[in-house]
Amino acid sequence: MAKAATKKSTEVVEEPKEVKQMSNNSNILELDMDLDSFEDFEALPNGEYPAEVRSAEQRMSDKGNEYYYIVFNIHPDDFPADYAVENAPEGMNLVYARLQKPDPKNRRSITAVKNFYRALGLDLKTSVINPGEWEGKRAKLVVTRDEYQGEIRNGIKSVEKLD
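Analysis parameters
- Residues numbered from 1 in each chain as written.
- Predicted model: local features only at pLDDT ≥ 70, side-chain atom pairs only at ≥ 80, totals over all residues.
- Heavy atoms only, no water.
- Phe/Tyr/Trp six-rings, centres within 6.5 Å; stacked < 30°, edge-to-face > 60°.
- Helix = DSSP H or I, 4+ residues; strand = E, 2+ residues; numbered from the N terminus.
- Buried < 20%, exposed > 50% of the residue type's maximum accessible area, 1.4 Å probe, protein only.
- Lys NZ or Arg CZ within 6 Å of the ring centre and 35° of its normal.
- Pairing = 2+ DSSP bridges.
- Axes fitted to C-alpha atoms, helices over the stretch in contact; angles between N-to-C directions.
- Contact = heavy atoms within 4.5 Å.
- Polar contact = N/O pair within 3.5 Å; in protein donor to acceptor, adjacent residues only side chain to side chain.
- Expected span 1.5 Å × (residues − 1).
- Arc of directions from axis to C-beta.

Asks: Is there a simple way to think about the packing of aromatic side chains in this case?
Replies: The way to describe two aromatic rings as a pair is by their centre distance and the angle between their planes. For the coordinates displayed, the defined rule picks out six aromatic pairs. Judged by centre distance (6.1 Å) and plane angle (90°), the ring pair of tyrosine 117 and tryptophan 134 falls under edge-to-face. Here the residue tyrosine 117 occupies a position in helix α1 (residues 107-120), and tryptophan 134 occupies one in the loop between α1 and β8 (138-148), the gap between them amounting to 17 residues. Of the two residues, tyrosine 117 and tryptophan 134, both sit in the buried class. A cation over an aromatic ring shows up here: arginine 59 above the ring of tyrosine 69, its NZ or CZ 3.5 Å from the ring centre.

Here you go:
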């Protein structure tokens, strides 16, 4: 069974045991220790972080507005020195879902997409918006810590061009 180190010590924690199937098709996960023995997740501190677009797709909100759902990944090497990598050993995935599908009749939506293209270093001399082309591109994220339902989470305040 694979082992994973915890944040504060060299103590070794066993990964979860196998998932058992219930009769109503719900999955039960049995851990090797009580939940209170695990350390809580800690969000990244406020700051600027280089990040890579992992995925991007067009979606529609419940109100019928089209927007882009973009997943950025901040690599663990870019975490602050005093931040425990165990919080996100594969890197921190953050979602940016505030980019509206551009509407030629709406300058604000066009300007937002142009600024996003600038942040990713993409050419503005195009009439084709293809979110798939954004994958693998890098930008600087201005990251905040926000409270949501009593939990501190990270959010993306803005996407900017890397220095």
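Asks: Even after reading the chapter, I still don't get the sheet that holds β8, so can you show me in this structure?
Replies: Adjacent strands of a sheet form backbone hydrogen bonds with each other and so pair up, either parallel or antiparallel. One open sheet holds the five strands; their spatial order is β7-β6-β5-β8-β9, and the pairing between them is antiparallel. Each end of this open sheet is capped by a strand with a single partner; those strands are β7 (92-100) and β9 (151-160). Between one strand axis and the next, the sheet turns through 45° on average, direction left out of account. Here strand β6 (residues 66-74) runs beside β7; their pairing, made up of seven bridges, is antiparallel. By the bridge assignment for β7, phenylalanine 72 is matched with leucine 94. Sheet strands touched by α1: β5 (47-60), β6, β7, β8 and β9. Its angle to β7, the strand with the most contacts, is close to 145°.

Asks: Can you walk me through the environment of glutamate 57 in this structure?
Replies: Counting through the fold element by element, glutamate 57 comes out in strand β5. Glutamate 57 gets classed as partly exposed once you look at its relative accessible area, which sits at 38%. In this structure, the C-alpha to C-alpha distance between glutamate 57 and valine 71, residues 14 residues apart in sequence, is 9.2 Å. A polar atom in the side chain of glutamate 57 sits 2.6 Å from the side chain of arginine 59.

Asks: Sorry, what's going on with α1 here?
Replies: Here α1 is 14 residues long and its end C-alpha atoms lie 20 Å apart, about the 20 Å a rise of 1.5 Å per residue gives. For α1, every residue scored as buried is listed here: Ser109, Val113, Phe116, Tyr117, Ala119 and Leu120. On an axial view of α1, the arc spanned by its buried residues comes to 160°, and they lie on one face. Away from the buried face of α1 by more than 90 degrees, exposed residues Arg107 and Arg108 are located. As for α1, its buried residues are in contact with β5, β6, β7, β8 and β9. Residue asparagine 106 occupies the N-cap position of α1, its side-chain oxygen lying 3.0 Å from the main-chain nitrogen of arginine 108. Looking at the residues trailing α1, positive phi occurs at glycine 121, about 75°.

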